[in-house]
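# Topology and contacts: notes
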Amino acid sequence: MLTYLRIPGTFEYWDNLDKNLSAAMAGQMTAKEALDKTAETWQQITDRIGRDSQLKDYDTAIGYKP
């Protein structure tokens, strides 16, 4: 089960993960390749949206107050 991410880009993160895991299950890449590719793409998504902005939005979504 995946918990719902309450940050901008959620669909893009999950869509990327789903495509890479499907490719691994279909034998088009290894599990490690799929996860490495997912991690790389997630970093790119986070950098594009803004790492600090993502952290602030997530903290707000879960009600965290430092």
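Residues numbered from 1 in each chain as written. Predicted model: local features only at pLDDT ≥ 70, side-chain atom pairs only at ≥ 80, totals over all residues. Heavy atoms only, no water.

## Some thoughts on the packing of aromatic side chains
Centre distance and the angle of the planes are the two values used to describe a pair of aromatic rings. Taken as a whole and assessed by the stated rule, the structure comprises 2 aromatic pairs. Consider the rings of Tyr13 and Trp42, whose centres lie 5.1 Å apart with planes at 70 degrees: the pair is edge-to-face. Of the two residues, Tyr13 is situated in helix H1 (residues 10-25) and Trp42 in helix H2 (residues 31-49); the sequence distance between them amounts to 29 residues. Residue classification places Tyr13 among the buried residues on the basis of a relative accessible area of 3%. An aromatic cluster of at least three residues, connected via ring pairs, comprises Tyr13, Trp14 and Trp42. (Phe/Tyr/Trp six-rings, centres within 6.5 Å; stacked < 30°, edge-to-face > 60°. Helix = DSSP H or I, 4+ residues; strand = E, 2+ residues; numbered from the N terminus. Buried < 20%, exposed > 50% of the residue type's maximum accessible area, 1.4 Å probe, protein only.)

## Quick notes on helix H3 (residues 51-62)
For H3, which comprises 12 residues, the first-to-last C-alpha distance of 17 Å matches the rise-based estimate of 16 Å (1.5 Å per residue) to within 8%. Directly beyond the C-terminal end of H3, a positive phi value near 80 degrees is found at Gly63. (Expected span 1.5 Å × (residues − 1).)

## Remarks on the environment of Tyr58
You can see Tyr58 is positioned in helix H3. Remark: the alpha-carbon pair of Tyr58 and Lys32, spanning 26 residues in sequence, is separated by 28 Å.

## What about H1?
Spanning 16 residues, H1 covers 23 Å between terminal C-alpha atoms, matching the ideal 22 Å at 1.5 Å per step. The complete set of buried residues in H1 reads Thr10, Tyr13, Asn16, Leu17, Asn20 and Ala23. Buried residues in H1 make contact with H2 and H3. Immediately beyond the C-terminal end of H1, within one or two residues, lies Gly27, with a positive phi of roughly 80 degrees. (Contact = heavy atoms within 4.5 Å.)

## Quick notes on the confidence of the model for the chain
Summing up the model confidence of the chain, the mean pLDDT is 92 and the portion of residues at 70 or higher is 95%. Considering each helix and strand of the chain separately, the mean pLDDT is smallest for H3, with a value of 91, and largest for H2, with 97. (pLDDT = per-residue confidence, 0-100.)

## Some details on the pattern of salt bridges
Overall, the coordinates contain 4 salt bridges when judged by the stated rule. For Arg48, the salt bridge is made with Glu12, and the minimal N-O distance between the two is 2.6 Å. Placement of the pair is Arg48 in helix H2 and Glu12 in helix H1, with a sequence separation of 36 residues. You can call Arg48 exposed: its relative accessible area is 54%. Under the relative-accessibility criterion, Glu12 is labelled partly exposed at 32%. (Salt bridge = Lys/Arg side-chain N within 4 Å of Asp/Glu carboxyl O.)

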